[in-house]
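Observations on chain architecture
Read off the chains here:
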Amino acid sequence: MKKVFALVDCNNFYASCERLFRPELNNQPIVVLSNNDGCVIARSNEVKALGVKMGDPYFKLKDLLAKHHVHVFSSNYALYGDLSCRVMTILQQMEPEVEIYSIDEAFVSLPYTPGKLHTDYARSLKEKVRRCVGIPVAMGIGPTKTLAKVANRLAKKNAQYGGVFDITDSNQIDELLARCDVEDVWGIGRQSGRKLRMRGILTARDLRDADEVWIRKNLTVTGLRTVMELRGVSCLPLELAPPDKKSIVSSKSFGRPVSSLADMKEAVATYLSTAAEKLRSQGSAAGAIQVFISTNVFNVNQPQHTQSMMASLPQPSAYTPHLLKAAMHCLEGIFRSGYLYKKAGVMLTEIVSSGQQQINMFGPVSAEKPELMQAIDRINRKWGRQTVQIAAAGLAKPWKMVQAHTSPAYTTNWSELPIVNATS
DNA sequence: TCTGGGGTCCTAGGACCC
DNA sequence: TCTGGGGTCCTAGGACCC
């Protein structure tokens with residue numbers, strides 16, 4: 001049976017999450033900041049109208065935001081993750097084929113009905129999410145994922161569509177694509193956009209009609225796939241089960257610069273624990289680990305040092321103490337005193353499924369206690385992250401990130417539940 | 001003072017093999 | 001004097017996404 005793709009995308013997701021338990025903020029301007037309150041990562045429509053861009057540094061905007069009485073939030077991933085999960089669950093209850101594409105987007109496969117718009121059904125889905133979770137979504141429908149993305153943009157940008165647009169059998173498709181800038185096509189970023197513009201390819205329509213050979217040569221097969229998708233040839237199938245991660249990263253900027261090896265060791269140990277927990281949660285083990293550190297790249301007047309080092313493990317492991325030993329070895333190899341480090345991170349690679357680890361013929365047989373890791377992971381899942389942690393990760397964590405405007409974890413922490421007052 | 005974090009895919013080029 | 005051709009694997013880096 002022929003299918004169409006529907007892209008369900010939560011509107012201004014993080015901002016909408018913050019509003020959910022603060023209804024007085026509806027129609028009020030809101031921004032959500034990245035870790036360390038560094039830059040803007042979500043804006044309500046009112047803030048978009050002020051010209052604030054995604055990724056703008058907060059410190060440059062402070063005055064503007066204050067002047068317009070913008071409500072500022074630090075990111076609260078416990079809240080966003082939980083609400084995302086609720087939205088996705090509704091979609092999965094309604095439809096069998098759902099690909100969770102990101103925290104705020106999902107592709108849903110719908111049966112194709114020729115000559116008839118799929119908008120009525122899409123509207124009912126949208127309404128159901130609003131009623132059950134309270135998050136507004138927009139839906140774009142098309143014969144390929146890329147066209148569904150285009151349709152989603154149209155649904156959001158044109159109020160008259162009521163948040164749903166179906167481009168599948170549109171007889172105005174040329175006109176619609178001609179109104180879409182080429183950089184706004186999914187998969188075309190700044191660099192490719194520049195190349196295309198130099199070639200006179202300015203819109204989604206130009207791209208659809210572009211020369212395949214030139215595209216293949218200049219934008220590689222990924223670019224060619226985008227062109228085919230714009231022509232209605234589906235090249236990107238729905239991925240129902242998320243594949244295991246091939247690499248797992250945990251990295252963060254520091255709340256204040258780190259200059260001592262002792263502090264840096266604590267930070268790296270903390271990030272390592274996070275990465276190792278993710279590794280175990282997908283039932284994998286890592287064959288190699290990479291540690292990287294860097295000073296503040298924006299501060300050009302300060303001595304810079306950026307370095308990374310990789311180490312192979314004697315055999316793939318998901319056992320935190322063994323991973324930690326390798327991580328510390330790397331860190332000691334690259335750390336230089338006399339620098340103000342701003343960021344560090346850990347990457348686990350060469351990931352294999354725990355069941356199929358190669359045993360090292362020559363190395364020492366290592367004593368791992370998987371039961372200990374399981375117990376720690378269970379406790380931390382139940383009682384919150386870092387309830388139990390390795391001692392190397394430290395307690396005071398003077399370098400930890402700054403979050404000055406965090407809302408409560410309304411839905412995931414008993415002590416932060418919203419309180420409703422009834423009046424007679 | 002103050003600029004996020006976590007991923008994937010693709011290609012070019014070097015090393016190495018027969 | 002004359003120095004092939006084809007293949008694989010690995011890595012670093014670029015580009016893109018949200």
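Just so you know, these numbers come straight off a predicted model, no measurement behind them.

Conventions used here
Residues numbered from 1 in each chain as written. Chains lettered and ligands numbered in written order. Predicted model: local features only at pLDDT ≥ 70, side-chain atom pairs only at ≥ 80, totals over all residues. Heavy atoms only, no water. Pairing = 2+ DSSP bridges. Helix = DSSP H or I, 4+ residues; strand = E, 2+ residues; numbered from the N terminus. Axes fitted to C-alpha atoms, helices over the stretch in contact; angles between N-to-C directions. Domains from an automatic or database assignment. Contact = heavy atoms within 4.5 Å. Near = heavy atom within 4 Å. Polar contact = N/O pair within 3.5 Å; in protein donor to acceptor, adjacent residues only side chain to side chain. Nonpolar A, V, L, I, M, F, W, Y, C, P; charged D, E, K, R; others polar.

The next point concerns the sheet that holds strand 4 (residues 71-74). Reading across the sheet, the 3 strands line up as 3-2-4 and stay open at both edges, with mixed pairing between neighbours. Each of the sheet's edge strands pairs with one partner strand only, and the pair in question is strand 3 (40-43) and strand 4. The average angle at which neighbouring strand axes cross in this sheet is 25 degrees, direction not considered. As paired elements, strand 2 (residues 30-33) and strand 4 share 4 bridges and run parallel to each other. Across the sheet, the residue bridging to Ile-30 is His-71, located in strand 4.

This part takes up the domain arrangement of chain A. Size of an interface, as often reported, equals the accessible area lost when the parts are brought together. Considered domain by domain, chain A is made up of domain 1 (3-9 + 83-230) and domain 2 (248-393). The gap between the C-alpha centroids of domain 1 and domain 2 is 38 Å.

Now for the side chain of Ser-16. Along the chain, Ser-16 turns up in helix 1 (residues 13-20). Once residues lying within four places of it in the same chain are set aside, the contact partners of Ser-16 are Asn-11, Ile-135 and Pro-136.

A positive phi is found at Asp-37, a non-glycine position, where the angle reads about 50 degrees. Considering the arrangement of structural elements, one finds Asp-37 in the loop between strand 2 and strand 3. Phi is positive for His-69, close to 55 degrees, though the residue is something other than glycine. Within the secondary structure, His-69 sits in the loop between helix 3 (58-67) and strand 4.

Before going further, it helps to examine the protein's contact with DNA strand B. Of all residues adjacent to DNA strand B, which total 24 residues, the nearest are Arg-225, Val-249, Ser-251, Ser-253 and Lys-342. A share of 75% of the atoms of DNA strand B within 4 Å of the protein falls on sugar and phosphate groups. A distance of 3.2 Å separates a phosphate oxygen of DNA strand B from a polar side-chain atom of Ser-247. Mapped by element, the contributors of at least two residues to the surface near DNA strand B are helix 10 (212-230), strand 9 (248-258) and strand 12 (341-353). For the surface near DNA strand B, the leading source of residues is strand 9, giving 6 residues. When its residues are assigned to classes, the surface near DNA strand B shows 7 nonpolar, 9 polar and 8 charged.

Contacts to DNA strand C come from 13 residues, most closely from Ser-102, Asp-104, Lys-149, Gly-187 and Ser-192. Protein-adjacent atoms of DNA strand C, using a 4 Å cutoff, are sugar or phosphate at a proportion of 100%. Asp-104 is positioned with one of its side-chain polar atoms (N or O) 3.0 Å from a sugar or linking oxygen of DNA strand C. Between Gln-191 and DNA strand C, the recorded distance is 3.0 Å, taken from a backbone N or O atom to a phosphate oxygen. Of all the elements in the fold, those that place two or more residues in the surface near DNA strand C are strand 5 (98-102) and helix 8 (190-198). Of all the elements, helix 8 adds the most residues to the surface near DNA strand C, at 3 residues.

The sheet built from 5 strands is open, its strands ordered 5-6-1-7-8 with mixed pairing. A strand with exactly one partner marks an edge of an open sheet, and here the two such strands are strand 5 and strand 8 (164-166). On average, adjacent strands in this sheet sit at an angle of 20 degrees to one another, irrespective of strand direction. Here 3 bridges tie strand 7 (residues 137-142) to strand 8, and the two strands are oriented parallel to one another. Residue pairing for strand 8: Met-139 is matched across the bridge by Val-164. Helix 6 (residues 145-157) contacts strand 1 (3-10), strand 5, strand 6 (105-111), strand 7 and strand 8 of the sheet and is inclined by roughly 135 degrees relative to strand 7.

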